[in-house]
Amino acid sequence: MKLKKERHIWLDKMLTLSTLAVMSFFYYGSHFLVMAILCVLTAFAAELVSVRMMHEKPDPDDLSSTADGLLIALMMPASMNYIIVFLAALFGIVIAKYVFGGRRNMIFSPAAAAYLFVLTSWSREMLTYPAPHDHISLMGRTDALVNSASHVFNMTGRMDYTDFELLMGNFSGPCGAVSILLLLVAAVILIFRKDISAGAFFGTLLGTGLFAFVTPMIHSRTDSVKYSLVTNMVLFAAVYIVSDLRICPRRWYFAFFYGLFIGIFSYVLVLTTAKENAVVIMSVLFTPVALGLRMLEKKIEHADDDIEENEVTAEEVSA
């Protein structure tokens, strides 16, 4: 973030998140749109209040609260109750972000922490979804809710969708996590613009894909890799949560192994317990690892500074 203004990073992220939101609106209708607006406004207001309570001044370059708010909405079913959406955004900003560290010392992804908060409190509402093209009324009414494609795959190893349907997001799941083609485009843009950690992104995908190949969930190893990467929010989390520059290690090799182990352990959790969207859970559980690696990075930087100072001093003495 030092190499590029924060405002530009968050504008880039908001652009890619907005395309996912447009697709979600196309699939599910006006209820999702209200959800997204409510999440963004709640997160923005919570940010302002939290900053004031900590006797700080708002940073005009820090647009992270709006991105985090939209991110939370995209991780939920399109049928989610507005009150739960409001509480999720409030928890993500006030508790996960400001109680634990603040803007400059974050230890959790606000969106991931908000997801776990809702998952533990309203698991049924969080893990049942409207079918694609089932437009939800403003009051959240729908004809029927179904289990996600991830749940069906985890439990049975079955995936009754064509590759085209998977690419276009025509399967049940969290609003923003099913649009695989848009997520791939977003990953390319954000990596090229240096808005996310490329090391953490590729490490997450490699860890998941490698173990899906070595210990496949279904008979075909190729299909096991493909379905493991497009289900359970793996690609979505790799782009927007694990690779978040505020959380993951800065050096690419540390970030790579950080993502690699999150990918491996989340796949093992899915394989052994069929836990849906395990990568989000692991991203929060791996917080101590991220903190430890970032502390190690600081020690390395200090050691490098000391070496440079000693070299300069030695040159001055010899001169």
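Look above for the structure.
What counts and how
Residues numbered from 1 in each chain as written. Predicted model: local features only at pLDDT ≥ 70, side-chain atom pairs only at ≥ 80, totals over all residues. Heavy atoms only, no water. Patch = residues over 30% accessible without salt bridge, like charges linked within 9 Å, V, L, I, M, F, W, Y side chains within 5 Å. Areas by Shrake-Rupley, 256 points an atom, 1.4 Å probe, with all protein chains shown as cover. Salt bridge = Lys/Arg side-chain N within 4 Å of Asp/Glu carboxyl O. Helix = DSSP H or I, 4+ residues; strand = E, 2+ residues; numbered from the N terminus. Buried < 20%, exposed > 50% of the residue type's maximum accessible area, 1.4 Å probe, protein only. Axes fitted to C-alpha atoms, helices over the stretch in contact; angles between N-to-C directions. Left-handed = near helix turned anticlockwise from the far one by under 90°. Contact = heavy atoms within 4.5 Å. Nonpolar A, V, L, I, M, F, W, Y, C, P; charged D, E, K, R; others polar. 1 Å grid on protein atoms, 1.4 Å probe; cavity = no way out; pocket = protein on both sides within 12 Å on 5 of 7 lines; lining within 4 Å. Points joined across faces, edges and corners; volume = space filled by probe spheres on them.

Engineer: In this structure, what is going on with a nonpolar patch on the surface? I would like to understand it.
Structural biologist: On the surface, Leu167, Leu181, Leu184, Val185 and Ile189 cluster together into a nonpolar patch covering about 370 Å² of accessible area. The element contributing the most residues to the nonpolar patch is helix α9 (residues 180–192), with 4 residues. Along the chain, isoleucine 189 turns up in helix α9. Taking relative accessible area as the criterion, isoleucine 189 reaches 37% and is therefore assigned partly exposed.

Engineer: What should I look at first to understand the packing of helix α10 (residues 198–214) against helix α13 (residues 252–273) in this one?
Structural biologist: Axes are the key here: two packed helices are described by the angle between their axes and the distance separating the axes. Here α10 crosses α13 at 35°, and the two axes come no closer than 6 Å. Crossing geometry of α10 relative to α13 is assigned as right-handed. For the pair α10 and α13, contact is made by Gly199, Ala200, Phe202, Gly203, Thr204, Leu206, Gly207, Thr208, Phe211 and Ala212 and by Trp252, Ala255, Phe256, Gly259, Leu260, Gly263, Ile264, Ser266, Tyr267 and Val268, respectively. Here the contact of α10 with α13 is built from residues that sort into 12 nonpolar, 8 polar and no charged.

Engineer: It is not clear to me how empty space enclosed by the protein should be interpreted in this structure. Could you clarify?
Structural biologist: Empty space among the atoms becomes visible once a probe the size of a water molecule is rolled across them. Taken as a whole and assessed by the stated rule, the structure comprises 4 cavities of 30 Å³ or more. A volume near 80 Å³ is recorded for the largest cavity. If you trace the largest cavity, you find 13 residues lining it, with Ser228, Asn232, Val234, Tyr267 and Val270 closest to the centre. Put simply, the parts of the chain that give the lining of the largest cavity at least two residues each are α7 (149–156), α13 and α14 (278–285).

Engineer: Can you walk me through the packing of helix α3 (residues 64–74) against helix α5 (residues 110–121) in this structure?
Structural biologist: The interhelical angle for the contact between α3 and α5, taken along N-to-C directions, is 35°, at an axis separation of 9 Å. Along this stretch, α3 crosses α5, giving a crossing that reads as right-handed. Note on element contacts: α5 touches α3 through Pro110, Ala111 and Ala114, opposite Asp68, Leu71 and Ile72. Classifying every residue of the contact of α3 with α5 by side-chain character gives 5 nonpolar, no polar and 1 charged.

Engineer: What am I meant to see in the pattern of salt bridges here?
Structural biologist: As a working rule, side chains carrying opposite charge can pair if their charged atoms are close by. The final tally for this structure, using the stated rule, is 8 salt bridges. Note that aspartate 223 and lysine 226 form a salt bridge whose closest N and O atoms lie 3.6 Å from each other. Within this pair, aspartate 223 and its partner lysine 226 are both found in helix α11 (residues 221–230), separated by 3 residues, close to a single helical turn. Using a relative accessible area of 25% as the deciding quantity, one classes aspartate 223 as partly exposed. Classification of lysine 226 as partly exposed rests on a relative accessible area of 28%. Across the salt bridge formed by aspartate 244 and arginine 246, the nearest N and O atoms sit 2.7 Å from each other. Like arginine 246, aspartate 244 is buried. Among the charged side chains, a salt-bridge network with shared partners connects Lys13, Asp68, Asp244 and Arg246.

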